[in-house]
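Spelled out from the first residue to the last, the chains are:
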Amino acid sequence: MLQEKYKELIDSAQSSGVAQLQVQEIDNVLHIEGEAPSGAVKDQLWDIYNKIDPNFLTGDLVLNVNVATAVEGSKVKVVTDSSNLNIRKGPGTDQPIVGKAAHDEVITLVNKSNDQWWLVRTNDGEEGYSYAQYLQPVE
Amino acid sequence: MKLTKVFAIVPILAMSLLVSCGVKDADIQAKVTETLKAVPGVSAEVKDGVLTLSGNVPDDAAKTAAETAVKAEKGVKSVVNNITVTPATPAAAAPITISPDEVLTKAVVDATKDYPGVTAAVKDGVISLKGTLTVDKWKRLKMSLDALSPKKVDASGISIAK
(Lines give C-alpha, C1' and ligand atoms only; values in the text may rest on other atoms or scores of the structure.)
Protein backbone atom coordinates (compact mmCIF):
# COMPACT_ATOMS: atom_id res chain seq x y z
CA MET A 1 0.00 0.00 0.00
CA LEU A 2 1.63 3.18 -1.23
CA GLN A 3 -0.12 5.45 1.27
CA GLU A 4 1.58 3.37 3.94
CA LYS A 5 4.98 3.57 2.25
CA TYR A 6 4.76 7.35 1.94
CA LYS A 7 2.95 7.87 5.24
CA GLU A 8 5.67 10.12 6.66
CA LEU A 9 5.44 12.32 3.58
CA ILE A 10 1.64 12.55 3.73
CA ASP A 11 1.71 13.24 7.48
CA SER A 12 4.29 15.95 6.98
CA ALA A 13 2.27 17.57 4.20
CA GLN A 14 -0.77 17.63 6.48
CA SER A 15 1.03 18.96 9.53
CA SER A 16 2.99 21.61 7.65
CA GLY A 17 -0.11 23.24 6.22
CA VAL A 18 -0.13 22.14 2.59
CA ALA A 19 -3.40 23.50 1.20
CA GLN A 20 -5.78 21.67 -1.17
CA LEU A 21 -3.91 18.49 -0.35
CA GLN A 22 -4.88 15.56 -2.58
CA VAL A 23 -3.62 12.05 -2.06
CA GLN A 24 -4.79 9.44 -4.52
CA GLU A 25 -3.45 6.19 -5.86
CA ILE A 26 -3.95 5.63 -9.58
CA ASP A 27 -2.68 2.44 -11.24
CA ASN A 28 -0.02 1.75 -8.61
CA VAL A 29 1.26 5.30 -8.59
CA LEU A 30 0.57 7.56 -5.63
CA HIS A 31 -0.28 11.14 -6.53
CA ILE A 32 0.23 13.84 -3.93
CA GLU A 33 -0.81 17.33 -4.93
CA GLY A 34 -1.16 20.56 -3.04
CA GLU A 35 0.08 24.02 -2.33
CA ALA A 36 2.90 24.40 0.18
CA PRO A 37 2.87 27.51 2.38
CA SER A 38 6.58 28.11 1.66
CA GLY A 39 9.50 26.93 -0.42
CA ALA A 40 10.99 25.43 2.73
CA VAL A 41 7.99 23.14 3.17
CA LYS A 42 8.25 21.98 -0.44
CA ASP A 43 11.98 21.25 0.04
CA GLN A 44 11.23 19.33 3.22
CA LEU A 45 8.66 17.16 1.41
CA TRP A 46 11.16 16.37 -1.34
CA ASP A 47 13.76 15.48 1.32
CA ILE A 48 11.34 13.01 2.90
CA TYR A 49 10.55 11.62 -0.56
CA ASN A 50 14.28 11.07 -1.12
CA LYS A 51 14.58 9.32 2.24
CA ILE A 52 11.73 6.91 1.50
CA ASP A 53 12.64 6.35 -2.16
CA PRO A 54 16.36 7.08 -2.57
CA ASN A 55 17.03 9.15 -5.72
CA PHE A 56 13.32 9.12 -6.66
CA LEU A 57 13.83 6.17 -8.98
CA THR A 58 10.98 3.77 -8.15
CA GLY A 59 8.40 5.70 -10.15
CA ASP A 60 5.55 5.03 -7.72
CA LEU A 61 5.06 8.65 -6.64
CA VAL A 62 4.16 11.85 -8.44
CA LEU A 63 4.77 14.70 -6.00
CA ASN A 64 3.18 17.81 -7.42
CA VAL A 65 3.47 20.51 -4.78
CA ASN A 66 3.77 24.14 -5.73
CA VAL A 67 4.54 27.08 -3.48
CA ALA A 68 1.81 29.47 -2.38
CA THR A 69 4.11 32.44 -1.87
CA ALA A 70 4.79 32.70 -5.60
CA VAL A 71 2.05 35.29 -6.13
CA GLU A 72 1.69 37.78 -8.92
CA GLY A 73 3.72 40.91 -8.33
CA SER A 74 6.14 39.20 -5.96
CA LYS A 75 9.88 38.84 -6.42
CA VAL A 76 11.43 35.62 -7.65
CA LYS A 77 15.05 34.60 -7.80
CA VAL A 78 16.67 32.99 -10.83
CA VAL A 79 17.90 29.59 -9.63
CA THR A 80 19.64 28.19 -12.69
CA ASP A 81 22.80 26.14 -12.10
CA SER A 82 25.04 28.96 -13.31
CA SER A 83 23.77 30.11 -16.69
CA ASN A 84 21.45 32.94 -17.64
CA LEU A 85 17.74 32.25 -17.79
CA ASN A 86 16.00 32.72 -21.11
CA ILE A 87 13.00 34.99 -21.29
CA ARG A 88 10.79 34.09 -24.22
CA LYS A 89 8.06 35.75 -26.19
CA GLY A 90 5.54 33.03 -25.39
CA PRO A 91 5.22 29.96 -23.16
CA GLY A 92 7.35 27.27 -24.83
CA THR A 93 10.93 26.49 -25.82
CA ASP A 94 9.81 26.93 -29.43
CA GLN A 95 9.24 30.63 -28.72
CA PRO A 96 11.87 33.25 -29.60
CA ILE A 97 14.12 34.53 -26.81
CA VAL A 98 13.39 38.16 -26.01
CA GLY A 99 15.69 38.61 -23.04
CA LYS A 100 17.77 37.00 -20.34
CA ALA A 101 17.95 37.14 -16.57
CA ALA A 102 21.22 36.45 -14.79
CA HIS A 103 21.82 33.54 -12.42
CA ASP A 104 20.77 34.63 -8.89
CA GLU A 105 19.10 37.77 -10.21
CA VAL A 106 15.87 38.78 -8.46
CA ILE A 107 13.10 39.66 -10.90
CA THR A 108 9.34 40.26 -10.76
CA LEU A 109 6.69 37.60 -11.25
CA VAL A 110 3.96 39.22 -13.33
CA ASN A 111 1.57 36.38 -14.01
CA LYS A 112 1.48 32.61 -13.64
CA SER A 113 -1.60 31.73 -15.64
CA ASN A 114 0.58 29.03 -17.22
CA ASP A 115 1.88 26.62 -14.53
CA GLN A 116 5.16 25.89 -16.28
CA TRP A 117 5.85 29.24 -17.90
CA TRP A 118 5.64 32.30 -15.72
CA LEU A 119 5.43 35.78 -17.16
CA VAL A 120 8.27 37.77 -15.60
CA ARG A 121 9.75 41.24 -15.81
CA THR A 122 13.42 42.01 -15.34
CA ASN A 123 14.67 45.11 -13.59
CA ASP A 124 15.44 46.52 -17.04
CA GLY A 125 11.77 46.21 -17.92
CA GLU A 126 12.12 43.21 -20.24
CA GLU A 127 9.00 41.11 -20.07
CA GLY A 128 8.41 37.56 -21.22
CA TYR A 129 8.03 33.94 -20.22
CA SER A 130 10.54 31.90 -18.24
CA TYR A 131 10.48 28.30 -17.12
CA ALA A 132 8.98 28.22 -13.61
CA GLN A 133 11.36 25.55 -12.35
CA TYR A 134 14.18 28.09 -12.47
CA LEU A 135 12.28 30.67 -10.46
CA GLN A 136 12.09 30.56 -6.70
CA PRO A 137 9.92 32.84 -4.57
CA VAL A 138 11.95 35.24 -2.43
CA GLU A 139 10.62 34.80 1.10
CA MET B 1 -82.66 30.90 9.26
CA LYS B 2 -80.52 31.79 12.26
CA LEU B 3 -77.64 29.68 10.99
CA THR B 4 -77.66 31.46 7.62
CA LYS B 5 -77.42 34.76 9.42
CA VAL B 6 -74.41 33.60 11.37
CA PHE B 7 -72.73 32.49 8.17
CA ALA B 8 -73.46 35.80 6.60
CA ILE B 9 -71.98 37.62 9.54
CA VAL B 10 -68.71 35.66 9.68
CA PRO B 11 -67.15 37.11 6.54
CA ILE B 12 -68.26 40.58 7.53
CA LEU B 13 -66.67 40.08 10.93
CA ALA B 14 -63.51 38.74 9.38
CA MET B 15 -63.31 41.64 7.01
CA SER B 16 -63.86 44.16 9.71
CA LEU B 17 -61.16 42.48 11.78
CA LEU B 18 -58.73 42.78 8.92
CA VAL B 19 -59.64 46.37 8.39
CA SER B 20 -59.25 47.06 12.08
CA CYS B 21 -55.75 45.59 11.97
CA GLY B 22 -55.04 48.07 9.25
CA VAL B 23 -52.26 46.04 7.64
CA LYS B 24 -52.90 44.64 4.22
CA ASP B 25 -51.37 41.41 2.98
CA ALA B 26 -49.53 43.34 0.29
CA ASP B 27 -47.87 45.57 2.87
CA ILE B 28 -46.86 42.61 5.00
CA GLN B 29 -45.56 40.87 1.89
CA ALA B 30 -43.40 43.85 0.96
CA LYS B 31 -41.89 44.18 4.41
CA VAL B 32 -41.33 40.47 4.88
CA THR B 33 -39.71 40.14 1.46
CA GLU B 34 -37.32 42.90 2.44
CA THR B 35 -36.54 41.23 5.78
CA LEU B 36 -35.97 37.86 4.14
CA LYS B 37 -33.25 39.23 1.90
CA ALA B 38 -31.00 38.48 4.87
CA VAL B 39 -31.89 34.79 4.63
CA PRO B 40 -30.99 33.57 1.14
CA GLY B 41 -33.07 30.77 -0.27
CA VAL B 42 -36.25 31.62 1.65
CA SER B 43 -39.40 33.21 0.32
CA ALA B 44 -42.73 34.06 1.94
CA GLU B 45 -46.34 34.26 0.95
CA VAL B 46 -48.97 36.11 2.92
CA LYS B 47 -52.65 35.33 2.91
CA ASP B 48 -55.05 36.88 5.39
CA GLY B 49 -52.16 37.67 7.69
CA VAL B 50 -50.92 34.09 7.68
CA LEU B 51 -47.35 33.90 6.53
CA THR B 52 -46.08 30.77 4.80
CA LEU B 53 -42.33 30.41 4.54
CA SER B 54 -40.82 28.17 1.92
CA GLY B 55 -37.41 27.48 0.48
CA ASN B 56 -34.31 25.57 1.43
CA VAL B 57 -31.56 26.41 3.91
CA PRO B 58 -28.40 24.60 5.01
CA ASP B 59 -29.24 24.28 8.73
CA ASP B 60 -31.98 24.44 11.39
CA ALA B 61 -30.56 27.68 12.76
CA ALA B 62 -31.25 29.43 9.46
CA LYS B 63 -34.76 27.98 9.39
CA THR B 64 -35.48 29.30 12.89
CA ALA B 65 -33.81 32.62 12.12
CA ALA B 66 -36.07 33.16 9.12
CA GLU B 67 -39.17 32.53 11.22
CA THR B 68 -37.97 34.76 14.06
CA ALA B 69 -37.18 37.55 11.64
CA VAL B 70 -40.70 37.72 10.20
CA LYS B 71 -42.85 36.68 13.17
CA ALA B 72 -42.65 40.09 14.80
CA GLU B 73 -43.72 41.88 11.64
CA LYS B 74 -46.85 43.95 12.19
CA GLY B 75 -49.98 42.27 10.92
CA VAL B 76 -48.56 38.75 10.87
CA LYS B 77 -50.99 36.50 12.71
CA SER B 78 -49.15 33.25 12.40
CA VAL B 79 -46.27 31.69 10.54
CA VAL B 80 -46.31 28.37 8.72
CA ASN B 81 -42.70 27.35 8.42
CA ASN B 82 -42.36 25.05 5.41
CA ILE B 83 -38.64 25.68 4.98
CA THR B 84 -36.68 22.54 4.26
CA VAL B 85 -33.19 21.92 5.58
CA THR B 86 -30.52 20.36 3.38
CA PRO B 87 -27.13 20.32 5.04
CA ALA B 88 -24.39 21.57 2.72
CA THR B 89 -22.18 18.71 1.66
CA PRO B 90 -18.50 19.52 1.93
CA ALA B 91 -17.13 20.32 -1.50
CA ALA B 92 -15.98 17.02 -2.93
CA ALA B 93 -12.22 17.00 -3.28
CA ALA B 94 -11.30 17.44 -6.90
CA PRO B 95 -9.80 14.20 -8.11
CA ILE B 96 -6.30 14.11 -9.49
CA THR B 97 -6.40 14.84 -13.21
CA ILE B 98 -3.84 13.33 -15.52
CA SER B 99 -2.69 15.54 -18.39
CA PRO B 100 -3.49 14.25 -21.88
CA ASP B 101 -0.58 12.94 -23.96
CA GLU B 102 -0.50 15.86 -26.39
CA VAL B 103 -0.14 18.33 -23.51
CA LEU B 104 2.48 16.15 -21.81
CA THR B 105 4.49 15.63 -24.98
CA LYS B 106 4.92 19.35 -25.58
CA ALA B 107 5.58 20.09 -21.90
CA VAL B 108 8.16 17.30 -21.63
CA VAL B 109 10.13 18.81 -24.52
CA ASP B 110 10.31 22.07 -22.55
CA ALA B 111 11.13 20.32 -19.28
CA THR B 112 13.98 18.20 -20.68
CA LYS B 113 15.55 20.90 -22.88
CA ASP B 114 18.30 21.70 -20.39
CA TYR B 115 19.19 18.05 -19.76
CA PRO B 116 21.30 16.93 -22.70
CA GLY B 117 21.70 13.17 -22.77
CA VAL B 118 18.23 12.58 -21.37
CA THR B 119 15.52 11.38 -23.71
CA ALA B 120 11.86 11.16 -22.87
CA ALA B 121 8.84 9.50 -24.39
CA VAL B 122 5.19 9.95 -23.50
CA LYS B 123 2.57 7.24 -23.83
CA ASP B 124 -0.78 6.89 -22.04
CA GLY B 125 0.20 9.53 -19.54
CA VAL B 126 3.47 7.82 -18.63
CA ILE B 127 6.71 9.74 -19.12
CA SER B 128 9.54 7.25 -19.74
CA LEU B 129 13.08 8.54 -19.40
CA LYS B 130 16.50 7.35 -20.46
CA GLY B 131 19.85 8.86 -19.63
CA THR B 132 22.47 9.55 -17.04
CA LEU B 133 22.60 12.62 -14.83
CA THR B 134 23.63 13.77 -11.37
CA VAL B 135 21.21 13.33 -8.50
CA ASP B 136 20.72 17.10 -8.15
CA LYS B 137 19.80 17.50 -11.78
CA TRP B 138 17.56 14.44 -11.69
CA LYS B 139 15.75 15.82 -8.65
CA ARG B 140 15.11 19.09 -10.44
CA LEU B 141 13.95 17.31 -13.59
CA LYS B 142 11.68 15.03 -11.56
CA MET B 143 10.16 18.12 -9.90
CA SER B 144 9.47 19.61 -13.33
CA LEU B 145 7.96 16.41 -14.65
CA ASP B 146 5.79 15.75 -11.57
CA ALA B 147 4.42 19.27 -11.95
CA LEU B 148 3.05 18.33 -15.39
CA SER B 149 0.49 15.94 -13.80
CA PRO B 150 1.61 12.77 -15.57
CA LYS B 151 0.21 9.37 -14.68
CA LYS B 152 3.67 8.14 -13.89
CA VAL B 153 7.31 9.11 -14.31
CA ASP B 154 9.12 5.94 -15.30
CA ALA B 155 12.73 6.38 -14.25
CA SER B 156 13.85 2.81 -14.88
CA GLY B 157 16.09 4.08 -17.69
CA ILE B 158 17.76 6.73 -15.52
CA SER B 159 21.26 6.18 -14.12
CA ILE B 160 22.57 8.46 -11.43
CA ALA B 161 26.07 9.73 -12.18
CA LYS B 162 28.43 9.57 -9.24
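Residues numbered from 1 in each chain as written. Chains lettered and ligands numbered in written order. Predicted model: local features only at pLDDT ≥ 70, side-chain atom pairs only at ≥ 80, totals over all residues. Heavy atoms only, no water.

### Brief notes about the overall build of chain B
Next up, step 1: Counting secondary structure elements, chain B contains 5 helices and 7 strands.
Next up, step 2: Seen in sequence order, chain B has helices and strands lined up from the N terminus as α-α-β-β-α-β-β-α-β-β-α-β.
Next up, step 3: When contacts within chain B are restricted to residue pairs at least 6 apart in sequence, long-range pairs at least 24 apart make up 54% of them.
Next up, step 4: Of the roughly 9,900 Å² that chain B leaves accessible, carbon and sulfur atoms contribute 63%. (Helix = DSSP H or I, 4+ residues; strand = E, 2+ residues; numbered from the N terminus. Contact = heavy atoms within 4.5 Å. Areas by Shrake-Rupley, 256 points an atom, 1.4 Å probe, with all protein chains shown as cover.)

### Observations regarding the domain arrangement of chain A
Next up, step 1: Domain annotation of chain A identifies domain 1 (2-67) and domain 2 (75-137).
Next up, step 2: A C-alpha centroid distance of 26 Å is found between domain 1 of chain A and domain 2 of chain A. (Domains from an automatic or database assignment.)

### Overview of the sheet that holds strand S2 (residues 29-36) of chain A
Backbone hydrogen bonds are what pair the strands of a sheet, in a parallel or an antiparallel way.
Residues and elements named next belong to chain A.
Next up, step 1: An order of S1-S2-S3 is seen for the 3 strands of this open sheet, with the pairing classed as mixed. The open sheet has two edge strands, strand S1 (19-26) and strand S3 (61-67), and neither has a second partner. Shown here is a sheet whose adjacent strand axes are inclined to one another by a mean of 5°, direction ignored. (Pairing = 2+ DSSP bridges. Axes fitted to C-alpha atoms, helices over the stretch in contact; angles between N-to-C directions.)

### Some details on the sheet that holds strand S6 (residues 126-133) of chain B
Residues and elements named next belong to chain B.
Next up, step 1: Taken together, 3 strands build an open sheet; the order of strands is S5-S6-S7 and the sheet is mixed. Because the sheet does not close on itself, it has two edges, and the strands there are strand S5 (119-123) and strand S7 (152-160). On average, adjacent strands in this sheet sit at an angle of 10° to one another, irrespective of strand direction.
Next up, step 2: In this structure, S6 lies alongside S7, joined through 7 bridges in parallel fashion. Looking at S7, one finds that Thr 132 is bridged to Ser 159.

### Concerning the environment of A:Val18
All names here are of chain A.
Next up, step 1: Mapping Val 18 onto the fold places it in the loop between helix H2 (7-15) and S1.
Next up, step 2: Considering only alpha carbons, one finds Val 18 and Glu 33, 15 residues apart in sequence, at a separation of 8.9 Å.
Next up, step 3: Setting aside anything within four residues of it in sequence, one finds Val 18 in contact with Ala 13, Gly 34, Glu 35, Ala 36, Pro 37, Val 41 and Leu 45.

### Structural notes on the pairing of S3(A)
Residues and elements named next belong to chain A.
Next up, step 1: S3 sits mainly inside the fold: 6 of its 7 residues count as buried.
Next up, step 2: Of the strand pairs in this sheet, S2 and S3 are connected by 7 bridges, and their pairing is parallel. In the strand pairing of S3, Leu 30 is matched with Leu 61.
Next up, step 3: Following the chain from S2 across helix H3 (residues 39-52) to the adjacent parallel S3, one finds a crossover that is right-handed. (Buried < 20%, exposed > 50% of the residue type's maximum accessible area, 1.4 Å probe, protein only. Right-handed = clockwise from strand over helix to strand, strands pointing away.)

### Brief notes about the packing of H2(A) against H3(A)
Residues and elements named next belong to chain A.
Next up, step 1: Between H2 and H3, the least distance of the axes is 9 Å, while the angle of their chain directions is 170°. As the angle between them shows, H2 and H3 are arranged roughly antiparallel. Residue-level contacts link Glu 8, Leu 9, Ser 12 and Ala 13 of H2 to Gln 44, Leu 45, Ile 48, Tyr 49, Lys 51 and Ile 52 of H3.
Next up, step 2: For the contact of H2 with H3, a count of residues per class yields 6 nonpolar, 2 polar and 2 charged. (Parallel < 35°, antiparallel > 145°, perpendicular 65-115°, else oblique. Nonpolar A, V, L, I, M, F, W, Y, C, P; charged D, E, K, R; others polar.)

### Points about the pattern of salt bridges
Next up, step 1: In this structure the tally under the stated criterion is 13 salt bridges over all chains.
Next up, step 2: Between A:Asp11 and A:Lys7 there is a salt bridge whose closest N-O contact spans 2.8 Å. Here the residue A:Asp11 and the residue A:Lys7 both occupy positions in helix H2, the gap between them amounting to 4 residues, near one helical turn.
Next up, step 3: The exposure class of A:Asp11 is partly exposed, given its relative accessible area of 33%.
Next up, step 4: Residue A:Glu127 pairs with A:Arg121 through a salt bridge whose shortest N-O separation is 3.2 Å.
Next up, step 5: Its relative accessible area of 40% is what places A:Glu127 among the partly exposed residues.
Next up, step 6: If you follow the salt bridges from partner to partner, you end up with A:Asp81, B:Lys137 and B:Arg140 in one network. (Salt bridge = Lys/Arg side-chain N within 4 Å of Asp/Glu carboxyl O.)

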